[in-house]
Amino acid sequence: MTAVLHATGLSVVHRTRSGPLHAVSDVDLTLHERRTLALVGESGSGKSSIAKALLRLPPPTAGTVSLAGTDLATLTPRALRALRPRIQMVFQDPLSSLNPRRQVSDLVAEPLDAHPDASRDRAAVIERQLNAVGLPPALFGDRRPGQLSGGQAQRVAIARALAAEPRVLIADEAVSALDVSAQATVLNLLRALTEERGLASLFISHDLGVVRAVSDDVAVLQLGRLCEQGPTEEVLAAPAHPYTAALLAAVPEPGRPLGDTGLLPTDPPSPLTPPSGCRFRTRCPLADARCADETPALREIAPRRTVACHRPLITPSTPPAPHAPTAALSSGPRTTG
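Keep in mind the model is a prediction, meaning the values are calculated, not measured.

About the cut-offs
Residues numbered from 1 in each chain as written. Predicted model: local features only at pLDDT ≥ 70, side-chain atom pairs only at ≥ 80, totals over all residues. Heavy atoms only, no water. Helix = DSSP H or I, 4+ residues; strand = E, 2+ residues; numbered from the N terminus. Buried < 20%, exposed > 50% of the residue type's maximum accessible area, 1.4 Å probe, protein only. pLDDT = per-residue confidence, 0-100. Contact = heavy atoms within 4.5 Å. Axes fitted to C-alpha atoms, helices over the stretch in contact; angles between N-to-C directions. Parallel < 35°, antiparallel > 145°, perpendicular 65-115°, else oblique. Left-handed = near helix turned anticlockwise from the far one by under 90°. Nonpolar A, V, L, I, M, F, W, Y, C, P; charged D, E, K, R; others polar. Core = buried A, V, L, I, M, F, W, Y, C linked by side-chain atoms within 4.5 Å. Pairing = 2+ DSSP bridges. Lys, Arg positive; Asp, Glu negative; His and termini not counted. Salt bridge = Lys/Arg side-chain N within 4 Å of Asp/Glu carboxyl O. Phe/Tyr/Trp six-rings, centres within 6.5 Å; stacked < 30°, edge-to-face > 60°. Disulfide = S-S within 2.5 Å.

Asker: What am I meant to see in the environment of glutamate 195 here?
Answerer: Within the secondary structure, glutamate 195 sits in helix H9 (residues 180-196). The exposure class assigned to glutamate 195 is partly exposed, which follows from its relative accessible area of 45%. As for glutamate 195 and glutamate 33, which are separated by 162 residues in sequence, their C-alpha atoms are 8.3 Å apart.

Asker: Explain the confidence of the model for the protein chain to me, please; I cannot follow it from the model alone.
Answerer: Predicted coordinates in areas of low pLDDT are best not read in detail. With 92% of its residues at a pLDDT of 70 or more, the protein chain has an overall mean of 88. Under a pLDDT of 50 for its full length, residues 318-337 has, in the predicted model, 51 contacts with residues more than four places off or in other chains.

Asker: Help me understand the packing of helix H6 (residues 122-132) against helix H8 (residues 150-163), please; the structure alone is not making it clear to me.
Answerer: When two helices pack together, their arrangement is given by the angle between the helix axes and the distance between those axes. Viewed as axis vectors pointing N to C, H6 and H8 meet at an angle of 130°, and their least axial separation amounts to 9 Å. Judged by the inter-axis angle, H6 sits oblique to H8. Considering the relative orientation of H6 and H8, their crossing is right-handed. Counting all contacts with H6, which are made through Val125, Gln129 and Leu130, the residues of H8 involved are Ala159, Leu162 and Ala163. Partitioning the contact of H6 with H8 into residue classes produces five nonpolar, one polar and no charged.

Asker: Would you mind showing me how to read the nonpolar core here?
Answerer: Inside soluble globular proteins, nonpolar side chains tend to come together where they are buried. Counting 37 residues, the largest nonpolar core has Val156, Ile158 and Phe203 as its most contacted members. Counting only elements with at least two residues in this core, the list comes to helix H4 (104-108), H6, H8, strand S7 (168-172), H9 and helix H10 (208-214). For this core, the element with the most residues is H8, which contributes eight residues. Dropping the residues within four chain positions of it, phenylalanine 203 is found in contact with Thr36, Leu37, Ala38, Leu39, Ala171, Val175, Leu187, Leu190, Val210 and Val214. Counting residues in hydrophobic clusters, the runner-up holds 31 residues, among them Ala53, Ile87, Ala219 and Leu226.

Asker: What should I look at first to understand the sheet that holds strand S2 (residues 19-32) in this one?
Answerer: Strand pairing in a sheet relies on backbone hydrogen bonds. The paired strands run either parallel or antiparallel. Taken in spatial order, the four strands line up as S2-S1-S4-S5 in an open sheet, and their pairing is antiparallel. Across the chains shown, the open sheet's two edge strands, defined by having one partner strand only, are S2 and strand S5 (70-71). Strand direction decides the pairing type here: strand S1 (residues 3-16) and S2, joined by 10 bridges, are antiparallel. Each residue of the ladder has a partner; that of valine 13, found in S2, is histidine 22.

Asker: Looking at this structure, how should I read the sheet that holds S7?
Answerer: The strand order across the open sheet built from eight strands is S6-S7-S8-S3-S9-S10-S12-S11, with neighbouring strands paired in mixed fashion. Each edge of the open sheet carries a strand with a single partner, namely strand S6 (87-90) and strand S11 (299-302). Strand after strand, the sheet turns through a mean of 25° between neighbouring axes, direction not considered. Across the face of the sheet, H9 comes into contact with strand S3 (35-40), S7 and strand S8 (200-205) while running at roughly 155° to S8.

Asker: What is the right way to read the side chain of aspartate 172 from this model?
Answerer: Along the polypeptide, aspartate 172 turns up in strand S7. Despite being buried, aspartate 172 has no salt bridge partner; lysine 52 is the closest side chain of opposite charge, sitting 6.6 Å away. Excluding residues that lie within four positions of it along the chain, aspartate 172 makes contacts with Ser48, Met89, Val90, Phe91, Gln92 and Ile204.

Asker: How should I be thinking about the packing of aromatic side chains in this particular structure?
Answerer: Aromatic ring pairs: the centre-centre distance and the angle between the two ring planes describe each pair. One pass over the full model with this rule turns up one aromatic pair. Between tyrosine 243 and phenylalanine 280, the ring centres sit 5.4 Å apart and the planes meet at 65°, which makes this aromatic pair edge-to-face. Here phenylalanine 280 lies in the loop between helix H12 (242-249) and helix H13 (289-293) and tyrosine 243 lies in helix H12, a separation of 37 residues in the sequence. No difference in accessibility class separates tyrosine 243 from phenylalanine 280, as the two residues are buried.

Asker: What exactly am I supposed to notice about the state of the cysteines here?
Answerer: A disulfide bridge is the covalent bond that connects two cysteines by way of their sulfur atoms. Under the criterion given, the structure shown has zero disulfides. Among the cysteines around cysteine 227, which has no disulfide bond, cysteine 278 carries the closest sulfur, lying 8.1 Å off. With no disulfide of its own, cysteine 309 has cysteine 284 as its nearest cysteine by sulfur position, at a separation of 6.2 Å. Residue class for cysteine 309 comes out buried when judged on its relative accessible area of 10%.

Asker: I tried to follow the pattern of salt bridges on my own but got confused; where do I start?
Answerer: Pairing is possible between side chains that carry opposite charge, provided their charged atoms lie close to one another. In the structure shown here, the tally under the stated rule is 16 salt bridges. As a salt-bridge pair, arginine 34 and glutamate 195 come within 3.8 Å of each other at their nearest N and O atoms. Taken together, the residues arginine 34 in the loop between S2 and S3 and glutamate 195 in helix H9 connect sequence positions 161 residues apart. Judged by relative accessible area, arginine 34 falls into the partly exposed class, the value being 37%. We note a salt bridge from aspartate 113 to arginine 102, for which the minimum N-O separation is 4.0 Å. Placement of aspartate 113 in helix H5 (residues 110-114) and of arginine 102 in the loop between helix H3 (94-97) and H4 is noted, with a sequence separation of 11 residues between them. Through salt bridges with shared partners, a single network forms among Arg102, Asp106, Glu110, Asp113, Arg122 and Arg160.

Written out as C-alpha cells, the structure reads:
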C-alpha cells in the first residue's frame, strides 16, 4: 500500500470563553492510495475538526500533516496554495456548498478558475468530470443547484472536487442528508472513483452501515482520541474497544431488537473538561482505577489492528475471528450512541 497523506500527533484546541476545548488530541492517521479510511464516532467526537486540520483550515494546534512526504507546515503561503488542489473535500449538504446562482458546468470548473492551468481544456474537464459522476453535461450542464435532487447536487460537488485532480478526497458526512437510494448511488460512486483514480479517501460518518459499505479501514474516535483502528470488516465483526461495541449495539437492524449498549447511566463528558486517563472511563462499565490514572496508548492486538484500552475486549492472545459476533458489555441503560 502506498501512503499518500500522514498525520502525526494531530491536536486541535479551540479557545472559548469557558476555556480551552480539546477537540482533537494526539491523533495519528495514514491515508493510502486506492483505499478508504472511515473515521467514525458520535457527534462532537472531533471528526470534522480533523478534516479541517488536514486542510489547514485552520492549521492544527499541534502535530504534522504530510502529503506525499511534504510537511504542509513548512510551505510558504504561495506553495501551500499551489498544493491545495491535491486535497479536496466534499461537504455534508451539497445545496449549501454549491453557489445557487451558478450553472453546473461553472461549478465544476471552479477549481480551474481558482488555479488556472493553460494546459487543461476547461470544456474537456467539465465534460469528463460530469460524465464520471453520471450527469451528462448536455442534460445537466446548464442547470442550477435548485433544479437538482440532493443526490444529483452531491454528485456535482464530487465532480467539482475531481476537477482539481486531487490525490486525497475527504468526504465529511457526504451522504447523511440524502435518502437511501441516493446514498447508494453516491457511495458506489465514491468507492469506484477511489479505485479508478488512485485516490486516498477519508470518509467521515456516524453511520456504521454506510461505513461498512464504503471503507476498507476504520478508525474510531471518542472525545477527540482514537480508541480503535483496523480493517473495517474485522473491527465491525469483533470490536476490541468497549466504545466501538457500544456504537455497534446502538445500530438498529431489521428483525432484531435494539442491543443494550451497556454504557453507564451518565452523560458524555465535555471536551472542555475531559476526564483524566481514558476519556471513555466515565461511561465504561469495565473501567478501573488504572483507567483514571493512565491514558491508554494505541497498541497492536492483531495484524493491522490497534486499540487504546487497558481492558480490551480482544487481547493479543485471542485474535478476532473473521465472523465473530459483536462483543457484549455488561448490562446498562440504552442510549442512542
